[in-house]
Amino acid sequence: MTDTATTTTSLNKFEKFKAQKDGLAIRGEIEKFAALGWEAMDEIDRDHRLKWVGVFFRPVTPGKFMMRLRMPNGILTSSQIRVLAQVVQRYGDDGCADITTRQNIQLRGIRIEDLPDIFNRFHAVGLTTIQSGMDNVRNITGDPVAGLDADELYDTRELVQQIQDMLTNKGEGNPEFSNLPRKFNIAIAGGRDNSVHAEINDLAFVPAFQEGTEQEFSQAPIFGFNILVGGFFSAKRCEAAIPLNAWVLPEDVVAVCRAVLEVFRDHGPRANRQKSRLMWLIDEWGLEKFRAEVESRLGKSLLPAAAKDEIDWEKRDHIGVYKQKQPGLNYAGLHIPVGRLYAEDMFEIARLAEVYGSSEIRFTVEQNIVIPNISDSRLATFLTEPLLERFSIDPGLLTRSLVSCTGAQFCNFALIETKNRALEMIKALEEDLTFTKPVRIHWTGCPNSCGQPQVADIGLMGTKTRKNGKTLEGVDIYMGGKVGKDAHLGTCIIKGIPCEDLQPILQELLIKNFGAKLKQEALVINS
Ligand code: SRM
Ligand code: SF4
């Protein structure tokens, strides 16, 4: 199967259980599990294989599962979000939803006995959870304002959907790509601001015009994408994606995804799960051999990368109201604090999208929402809606850029509580300081880096630390992450700060590095 892991003895335990029974096999066993109950289930089925249908056992809340959707390009209809709301509503206080850092939604509180009904409801409105966890391709991200933004270079929506359809056999499950060596992330940027964090994906496509030298491109520049490969974060190693030195036409993107995934599936290292992401294969082979193998699977040569890509803007956060390219229409970006939604919120969002927009809701990798297609004539009334008091279009400059992973409330990897702590900390800092520009603070509960601290202005990674002979929740602080044009990763600058001592340190960093001022000081200067 693979170059590096051909013998059963060298396979890790995940490879062994995948070889015994493919994760997708449990599609046919959901009714049985529902009747059996979670406590009687085979542990590997419960803790691992269920993730192939997006159902995650939560050791922190046994019996209350998480469900991860797939949401190509981060787009839902109002009927779909209403179904999601109905699902979590039945779980009372246990039920909620989180918008994820991959433009996606996860539901909480799910009981195994309800899965058959939930899957039926999802099927009826075209929702799928298939292949959203474990060794599969994660939700594919695209530009959150695709088709709305007058400055966009390419509307990513259809391509993202086509890639998902290819990978998942239109949501039914595709055994061709359900046993990768590890997780795999794909992103397509369609605008100039890299709103998908292309640089932290295993495979990313960024807009680039090919011009000049090649004979076939001797006339007008032709639109396509430069390809980046190998970006990833893990507890042991984080890498920004590197150029493959290849350029593709939009119509070849799906085939390139297939070729790259086939190479990764058949040759990616499977012995050590800490060393199984795509970049480890590229390291082992070198970029030239990797590229040649992709071309061989593709059945044709790839053109060299265009001289430059078109990512030349700072990254936008889409919070606020913006004119669309369609005259008379606007999109509104609402800030959802740390991405947490309850059933009533979701019903209300569905209503707003129907009454004021076109029944569409979009999600961003900053865990916020966008409601598109609000007409000029309806805008003023939309802005008076009570929901906008909580989900603001103009939040404080720290609040608006806050991102947080799940943390200890639901995640057993977590070393610290994140979401509530993040909200409290931002509130306290905004009470004491004034800001002239947003500062992007990302919290992540452990080194897995789901909250992407390495892309933040200030990244906070959960850790355990010692103080006065006691073990406490703490953070390692990252700085220097740059997004948009010339994106690059931040690095750790301070280790092991107890969370209880963090506020004054953040205050100082904000004053020294981001022009924040103490409110007292600002009052004196202004008086
Ligand atoms: Fe993640 C594992 C949550 C985005 C790197 N991630 C997990 C698990 C499934 C662990 C678990 O079983 O508890 C977390 C589920 C907790 C829960 O109950 O919510 C989890 N990851 C998340 C989400 C929900 C964070 C969020 O609050 O938004 C994001 C879901 C995205 C989605 O819709 O699919 C999420 N995870 C990411 C990202 C960010 C990204 O994709 O831009 C990363 C870093 C980028 C990357 O993968 O290269 C990320 N998650 C990881 C890793 C480290 C992977 C590795 O190669 O070692 C793990 C651990 C693992 O896979 O073994 C992990
Ligand atoms: Fe869980 Fe760690 Fe990911 Fe946060 S970063 S969701 S704590 S695995």
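In this text, all values refer to a predicted model and were calculated from it rather than measured experimentally. Each chain carries its own residue numbering, running from 1 in the direction its sequence is written. Each chain takes a letter, starting from A, and each ligand takes a number, starting from 1, following the order in which they are written. Per-residue local features are limited, in this predicted model, to residues with pLDDT of at least 70; the limit for side-chain atom pairs, both in listing and counting, is 80 or more; totals at the level of whole chains, interfaces and linings are taken over all residues. Side-chain measures here rest on the full set of heavy atoms in the structure, leaving out hydrogens and waters.

Accessibility here uses a 1.4 Å probe with only protein chains present; expressed as a share of the type maximum, an area under 20% marks a residue as buried, one over 50% as exposed, and anything in between as partly exposed. The numbering of helices and of strands both runs from the N terminus, where a helix is a DSSP run of H or I of at least 4 residues and a strand a run of E of at least 2. A large share of strand E8 (residues 222-229) lies buried, amounting to seven of its eight residues. Two strands are counted as paired when DSSP detects at least two bridges linking them. Across eight bridges, the pairing between strand E7 (residues 203-210) and E8 is antiparallel. Within E8, the residue paired with Ala-208 across the bridge is Gly-224. Two strands pair when backbone bridges link them, and E8 and strand E11 (residues 242-248) are joined in this way by four bridges, in the antiparallel orientation. Within the sheet, the bridge partner assigned to Asn-226 lies in E11 and is Trp-247.

As summarised here, the arrangement of the five strands in space is E3-E15-E16-E13-E12, forming an open sheet in which the pairing is antiparallel. The sheet is open, and its two edges are formed by strand E3 (75-77) and strand E12 (320-323), each paired on a single side. Across the sheet, the axes of successive neighbouring strands diverge by a mean angle of 25°, strand direction being ignored. Pairing of E12 with strand E13 (residues 329-334) involves four bridges; the strand directions are antiparallel. Residue Tyr-322 lies in a different strand from E13, and its bridge partner there is Tyr-331. The contact definition used throughout considers only heavy atoms, calling two residues in contact when any of these lie within 4.5 Å. Every angle, taken between N-to-C directions, lies between 0 and 180 degrees, and every axis is a line fitted to C-alpha atoms, over only the stretch in contact when it is a helix. Sheet contacts for helix H4 (residues 78-89): E3 and strand E15 (360-363); angle to E3, the most-contacted strand, approximately 85°.

Let us look at the site of ligand 2. For ligand 2, the full set of nearby residues is Cys-405, Thr-406, Gly-407, Cys-411, Phe-413, Ala-414, Thr-444, Gly-445, Cys-446, Asn-448, Ser-449 and Cys-450. Note on residue classes: Ala, Val, Leu, Ile, Met, Phe, Trp, Tyr, Cys and Pro are nonpolar, Asp, Glu, Lys and Arg are charged, and everything else, Gly too, is polar. Across the shell around ligand 2, the residue classes tally to six nonpolar, six polar and no charged. Here a residue is near a molecule or strand as soon as one of its heavy atoms is found within 4 Å of it.

Below, the discussion takes up the packing of H4 against helix H5 (residues 115-124). Where H4 contacts H5, the two axes come as close as 10 Å, and the packing angle between them is 170°. Considered as vectors, H4 and H5 are oriented roughly antiparallel to each other. In terms of crossing hand, the pair formed by H4 and H5 is right-handed. Contacts between H4 and H5 involve Val-83, Leu-84, Gln-86 and Val-87 from the first element and Ile-118, Arg-121 and Phe-122 from the second. The residue makeup of the contact of H4 with H5, split by class, is five nonpolar, one polar and one charged. These descriptions rest on fixed angle ranges, namely under 35 degrees for roughly parallel, over 145 for roughly antiparallel, 65 to 115 for roughly perpendicular, and the rest for oblique. Helix crossings get a hand from a simple test, with the near helix turned counterclockwise from the far one by less than a right angle marking a left-handed crossing and a clockwise turn marking a right-handed one.

Below, the discussion takes up the site of ligand 1. Neighbouring residues of ligand 1: 31 residues in total, closest Thr-100, Lys-183, Arg-277, Thr-406 and Cys-450. Definition of a polar contact: a pair of N or O atoms within 3.5 Å, with one able to donate and the other able to accept a hydrogen when the atoms are protein atoms, and with sequence-neighbouring residues admitted only if both atoms are side-chain atoms. Between ligand 1 and Gln-367 there is a distance of 3.3 Å, counted from an oxygen atom to a side-chain nitrogen or oxygen. Breaking the shell around ligand 1 down by element, the ones donating at least two residues are strand E2 (65-68), strand E5 (105-110) and strand E9 (232-233).

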